[in-house]
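Below, each chain spelled out in residue letters.
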Amino acid sequence: MAGQAVFTLLLLLAETVLPGGSMVINSCSSAAEQLCDFVCDCSDCSDENQCGYLQGSAVLGTPFTCDFEEGDCGWQDVSTSAYRWVRGRASLAAWGTGPHSDHTVGTDLGWFMVTVSPPAKTMATAWLKSPVMREAAATCEIRAWYHLSGSGLNQTEQPVLRLAMAYRDEVVGLWQSPRRGGEGWHQLVAYPGRIAEQFQLIFSLTQPPAFGAEVALDDIIFRNCGLQEPGQQICGEEESRCCWGLCLAQHRLCDGTDDCGDGSDENKTQCEHFTHCSFEQGLCSWEVEVGQLMWERNTSMNLGNMSSIPTRDHSNNSRAGFFLLVGSTSAAAASVTARLSSPTFQPTNSCSLVLYCHLHGSATSRLRISYVINSTEHLVRERMGDLGSFWVRERVVFNTMESFKVLIEGMASGAGTVAIDDLILSQGCVSTQDKPSTMLPSQAYPRPCTADEVACDSRECISAELACDFAQTCADGSDEKRCGATTFETGDGGWHDVSLGRLRWGVQTATELTDTILTGAGAFLALQAGEGQMMAAAKARTPLLGPSGPACTMEMSYRIHRGHKGFLAVSIVDHTTGTTHLAWHTQGHSGTAEGHVRVLLGERTQRFQVHPGAQGPRCQAPWDSPPPHCPQVELLGLVDLQDSAGAAIDNVTLVQCHPKVVPPGAAELSCNFETGMCGWYQDQSSDFKWVRSTGQGQGSDHTTGSGYFLAVDPSVPWSRGQWAQLVTYRQEPTTTPRCLSFWYRLAGPQIGTLNLKLRLEGAEEMVLWTQRGTQGSIWHQGRATLPATGQRPYRVAFEALRDGFLGDMALDDLALTAGPCGAELSCSFEADACGLAASEQRTWLWQSNSTGATAGPSADHTTGTATGTGATASQSSDGALLAALWLLPAFPACHYMVVSTGRGSLPAGHTAALTSQPYQPSALAQCLAFWYQLSTGTPGGGPVRHSPDPPPWWVPWAGSLGIFVEQSGVRRKVMSVSTTEGDVWHRGHVTVQPDGEWQVIFEVVGAGGDHGYIALDDLHVSDGACPEPASCDFERDMCGWSSPSDPRLHSFAWGWKNGVPLAKYPGPEQDHTLGTRDGHYVHFDTRVLGPGSTTARLESQHLPGAADSCLRFWYHMDIPEHLFQLWLGSEEEWGAVAGHQSQGWRGGVVPVQSPGKFQIIFEITTRRWPMEGTVALDDIMYSTVGGCRSSPEGPMEEKSSGSFVAEVVLSLLLVIIVLVLVVAGGWYLLKRQGLASGTPSESNAPQGFDNITFRDDKVIISPEQKEGDEV
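As the structure is a prediction and not an experimental result, all values here were calculated from the model. (Residues numbered from 1 in each chain as written. Predicted model: local features only at pLDDT ≥ 70, side-chain atom pairs only at ≥ 80, totals over all residues. Heavy atoms only, no water.)

Colleague: Describe in detail the overall build of the chain, supporting the description with residues and values.
Modeller: When helices and strands are counted, the chain shows three helices and 70 strands. Within the chain, the fraction of its 1271 residues that count as buried is 55%. With an accessible surface of roughly 53,000 Å², the chain has 52% of that area assigned to carbon and sulfur atoms. (Helix = DSSP H or I, 4+ residues; strand = E, 2+ residues; numbered from the N terminus. Buried < 20%, exposed > 50% of the residue type's maximum accessible area, 1.4 Å probe, protein only. Areas by Shrake-Rupley, 256 points an atom, 1.4 Å probe, with all protein chains shown as cover.)

Colleague: Report on the packing of aromatic side chains, specifying residues and quantitative values.
Modeller: Per the counting criterion, the structure on display carries 32 aromatic pairs. Connected via pairs of aromatic rings, a cluster forms that spans Trp680, Phe742, Tyr744, Trp769 and Phe798. Above the ring of Tyr708, the side-chain terminus of Arg692 is found at 3.9 Å from the ring centroid. Taking the ring centre of Phe964 as reference, the NZ or CZ of Arg971 above it sits at 5.7 Å. (Phe/Tyr/Trp six-rings, centres within 6.5 Å; stacked < 30°, edge-to-face > 60°. Lys NZ or Arg CZ within 6 Å of the ring centre and 35° of its normal.)

Colleague: Explain the sheet that holds strand E8 (residues 160–167) to me, using residue names and the numbers behind them.
Modeller: The five strands lie next to each other as E3-E6-E11-E8-E9, forming an open sheet whose pairing is antiparallel. Since the sheet does not close on itself, it has two edges, and those belong to strand E3 (76–77) and strand E9 (170–176), each with one partner. Summarising the sheet, strand E6 (residues 124–129) and strand E11 (residues 199–207) pair through six bridges and their orientation is antiparallel. By the bridge assignment for E11, Ala126 is matched with Leu205. (Pairing = 2+ DSSP bridges.)

Colleague: Which residues make up the pairing of strand E44 (residues 766–772), and what values do they have?
Modeller: For E44, the buried fraction is high: seven of the seven residues fall into the buried class. Note: strand E43 (residues 753–760) against E44, six bridges, orientation antiparallel. Bridge pairing in E44 links Lys757 to Val767. Two successive antiparallel strands, E43 and E44, enclose a turn made up of five residues, where Gly762 displays a positive phi of approximately 80°.

Colleague: Would you mind going over the sheet that holds strand E45 (residues 780–786) in detail, with residue names and values included?
Modeller: If you trace the five strands from one edge of the open sheet to the other, you get E39-E40-E47-E42-E45, paired in antiparallel fashion. A single partner strand is all that each edge strand has here, and the edge strands are strand E39 (691–693) and E45. Strand after strand, the sheet turns through a mean of 35° between neighbouring axes, direction not considered. With 10 bridges joining them, strand E42 (residues 738–750) and strand E47 (residues 806–818) adopt antiparallel strand pairing. Its bridge partner being in E47, Cys739 is matched across the sheet by Thr817. (Axes fitted to C-alpha atoms, helices over the stretch in contact; angles between N-to-C directions.)

Colleague: Describe the state of the cysteines, with residues and values.
Modeller: Such a bond, covalent and formed between the sulfur atoms of two cysteines, is termed a disulfide. What the rule picks out here adds up to 19 disulfides. In this model, Cys277 is linked to Cys284 through a disulfide, with the two sulfur atoms separated by 2.2 Å. Its torsion about the S-S bond being 90°, the disulfide of Cys277 and Cys284 is classed as right-handed. Taking relative accessible area as the criterion, Cys277 reaches 2% and is therefore assigned buried. Accessibility expressed as a relative area gives 52% for Cys284, which makes it exposed. Residue pairing for Cys552: its cysteine sulfur links by disulfide to Cys657, the two sulfurs lying 2.0 Å apart. Around the S-S axis, the bridge from Cys552 to Cys657 shows a dihedral of about 75° and counts as right-handed. (Disulfide = S-S within 2.5 Å.)

Colleague: Give a description of the environment of Ser341 that names residues and reports values.
Modeller: Relative to the helices and strands, Ser341 resides in strand E19 (residues 338–345). Distance from Ser341 to Ser370, taken between C-alpha atoms, is 9.6 Å for residues 29 residues apart in sequence. The residues contacting Ser341, other than those within four sequence positions of it, are Ser285, Trp286, Glu287, Lys405, Val406, Leu407 and Leu440. (Contact = heavy atoms within 4.5 Å.)

Colleague: Any chance you could break down the confidence of the model for the chain for me, citing the residues and the numbers?
Modeller: When pLDDT drops low, the exact placement of atoms in the prediction is not to be read closely. For the chain, the mean per-residue pLDDT works out to 79, and 77% of the residues sit at or above 70. Counting interchain partners and residues more than four positions distant, the pLDDT-below-50 stretch residues 607–629 has 56 contacts. Below pLDDT 50 for its whole length, residues 1218–1271 participates in 74 contacts with residues either more than four positions away or in separate chains. (pLDDT = per-residue confidence, 0-100.)

Colleague: I'd like a description of a nonpolar patch on the surface, backed by residues and values.
Modeller: Taken together, the side chains of Val59, Leu60 and Val105 present a nonpolar region at the surface, about 190 Å² in accessible area. Within the element layout of this structure, Val59 appears in the loop between strand E1 (54–57) and strand E2 (62–66). (Patch = residues over 30% accessible without salt bridge, like charges linked within 9 Å, V, L, I, M, F, W, Y side chains within 5 Å. Salt bridge = Lys/Arg side-chain N within 4 Å of Asp/Glu carboxyl O.)

Colleague: Which residues make up the pattern of salt bridges, and what are the values?
Modeller: Applying the stated criterion across every chain yields a total of 35 salt bridges. A salt bridge links Arg383 to Asp497; the nearest nitrogen and oxygen atoms lie 3.8 Å apart. Of this pair, Arg383 sits in strand E22 (residues 376–384) while Asp497 sits in strand E28 (residues 496–497); the two residues are 114 residues apart in sequence, bridging distant segments of the chain. Just as Arg383 is buried, Asp497 falls in that class too. Measuring nitrogen to oxygen at the nearest pair gives 3.5 Å for the salt bridge that ties Arg759 to Asp683. A residue pair is termed long-range when its members are at least 10 positions apart, and Arg759 in strand E43 and Asp683 in the loop between strand E38 (680–682) and E39 qualify at 76 residues. Note on Asp683: relative accessible area 10%, which makes it buried.

Colleague: Give me the lowdown on the environment of Ser1051, citing residues and values where you can.
Modeller: Within the fold, Ser1051 resides in strand E59 (residues 1051–1052). For Ser1051, a relative accessible area of 11% translates into the label buried.

Colleague: With reference to specific residues and values, describe unusual backbone geometry.
Modeller: For the peptide bond that leads from Gly546 to Pro547, omega is 0°, which places it in the cis range. By secondary structure assignment, the location of Pro547 is in the loop between strand E31 (538–541) and strand E32 (553–561). In this structure, Phe470 is a non-glycine residue whose phi angle is positive, near 70°. The residue Phe470 is located in the loop between strand E27 (461–463) and E28 in this model.

Written out as structure tokens, the structure is:
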């Protein structure tokens, strides 16, 4: 009844709009009946816009497509509640609650349709309706991508997305999503069949209350839906002419499908000698065998809405039409088939049978077409597997010298169904009138197997899950004989054709080919002419395989001949997630391409699910879901057989596929990737892949500067989805900790997260190390301690998250050494507490603010976000912080260390200390930098901001923070903080001059307030003395300068690099500090900026109020018409300077005055877009003494990007010129000196900042006016 109600409501929605038309762009004033018919009548195809599709997608390059980038294409939300469809974009800030990118462009800038406001108390449906479409050809194919996400996916049953078609006076279903499936973008394919009148499509999603699921829809593509234009074609000998002048193969006449488009191929007069049974009035002359399993005549209206049931018949494309159906198989009937037989026919060589079959819901359902002579069955055609929710045309020819019967057998396994409709016998099938009827062979079996079993050749039965698992279970080994590894000499080897179109895969020998494409004798699997009606690639699949090991590989020989547009491909079909991963492909050429290829199939872990009705775990679908993690190998091929093209494969083998088989060197975790992958491999369940590379414009390797490393690039077209994982083979248990060090690179203006994870057998995976956001085009060292695992084997994995779309990640020089790693030189607290130990139990806590145990900052400093797990680090009885491993979500958390300073947690005068592990001296001076936050408040109230000069009664209710350095048992206080302005993160730094191992202690003293906290984040130890606040030459690091990481701001990050040219990250070839390629600077490539609200900001730490300070910096800009701005704080504009092209490094000087705390922000925006060019910054110097009147380094002159060698040469030339001038005359020299006294190079006013005015706390710097600029 629920299904009936849904269809009724769909029909009511459709009826309100079918009589009318849709608003479309129609530049040539085509007639209404020519609009939205998938045929371009206007020269610009504008008659096919706003039709539920546009004339084409510029991004995808496909016609009749809606990618939602330019609008909704005419799709309308017709929901009857707040639960509805809207056009929207992804949000990285809401990772996990919806698509993290669209499907078209694969970023958060692309558009799609998405459901919003899910029901909270009652069941509701969101409806999305297309405009009216005029008609569709029999070859019409609809493809779209949908994305499911949300908490509802973890429920027993997921919400079901449906696609239906409204036409005439009813609504018929075309497709529905499986009851179970993973998150991510999945493809749907639907075939409406021949529609001779106007129709509409309707997407719907019904959701129970509080389910919380969300669905998005993108890239709706209509293929081969338009009728061919009328015209007189030259027909071949085996073709007939349609009334419109088109040519059609004769075997497609009178086949129950309007292929011509004008109905002339199905003319009643022409087809009167064909015997057609549509089952509308009964079984005609066909006979159903009575038995345990039988063909049953039924309609879609009577069968409910289980996804494997046909949603309509083929004859009328109607839910009320009849067909024959075989339902799911019981255990008792597992070894029998439903049988349908014809009358006895006379001997013939011209009898053919056309029928339409529907196999859906199971990978092992079968349909067999045979003929029977003297009780002996002769198989002609067998279809096996899941062909989709669609009626597939099949045709067979019988050639026999004896009387025979046609036998059609069906067997549906699991939750699958097998159905047939429109059985059409040609005029060459003549029944016998006086001869006795042919008897069918018996179905008796000596020992039938149950539904959970398969039969060996020796007749014994084994569990179905043991077939094709790469280990022989049958005594005769027959369970592994038909699993895809074959030479095709004795048959198909387990490969079965699942093609829907006019190409199919079949076994043949070289002698059967008139134009041989394979040399030598023998059999192979080749592309042949198919009987289907679709224009699709041919597909063949292996049986369900697995589980398999990481080294599992398929080897095969192949050949493709004269296929300009043809291709061969091998894919891996994962029924659990509904995804298909392309493993290998090759394009056709003008000649012949052939070879022997190794295709990595990789590790496939089988996970079983038990549901009502299942009789135990097996590799078979529960309810109407596909089988769990039982992959199939899929072979695809497409060529033009009419152009004498062809393709074939042979000698298929499956090697190293058993799960316990590992290759040599699998235990080697240390690797520089120069000769291979060592003990690491690609996780085949990843959405995209790590690529072994030598650079290609993003930088060199770390080992030699010219070797190999591993990289992922989220911006390339094949990098879609959410993550890519690099995994070790199964490692033996270890009883001692070890240190894994590695070099990594996170570059680009919007790069995501790199995680290092530990996978213990029988336990959840744990994050050992994580880093997010750009770290510059520089190699950095990371380290993580691999703990002792006891008796448990383990694996280690590097995971690249695609929560950013511009940039690249890289790995190189992995090294595993004995013992723990020691003190972390850089710690963001995202993975753990980095070995810092608390002095007392439950004082310092490791947490995020979202669900933390104590009050803390609303966002951490590392990521600038408030998401996270909220886990809190526990402590041992001796007060030391446990070196615990914490489970983190896929999206990076925001962790920090925090201590509550309320009197209930830390009474007045009490202390809480946090001590680091010993740091090793590596330079004469080392810089310890960290970020801290002290909450502000009053004794009995909430947070309140204080003025720069607090009243005398004010006390630090948050307590005070002291920083101590301990060397050789001597503790020395190096910094103290008791108050800060506002609840913001502040940067602290201390220069340490070590004479041996040293430790840092962060000590908090309670002040007795009701509430309060002190937090710590982002510790970093580097060589060399610390620079002054906001000053940086960028040689060692960024000195506290950073780019906002909140994705809601749609901002991009500045990069950090040296002068070595990189095609992917352009910039000056020399820095300003050193004047060489080895020098470093920060930069930004303006090509990534969009036309809207996107910016690139570089922010300093928070600085105290300034009465007479000065900011000096050097900048390099190589594009015109660019706006480069400095901001004071987060709101007040500070100044701007116009861009210039190829002028080298230029200096800037800006006086700074501010009564309160502020930040220095360099921001890049564009006046025009697109704009290509680079902005770079170097040698930022912020001075609080003397203002800008004194210049510690002399005049801020322009510095060319040329080499120092060129500068020396120019200097020598200048000396010679001066000497010549002196000899020429004193009067000339005096004149030159007078002129030189007024040159800009001797002025303290820098170029580009010549019009400075002051107003309150704002400094306004007008750009230089150029001729032609607007005022």
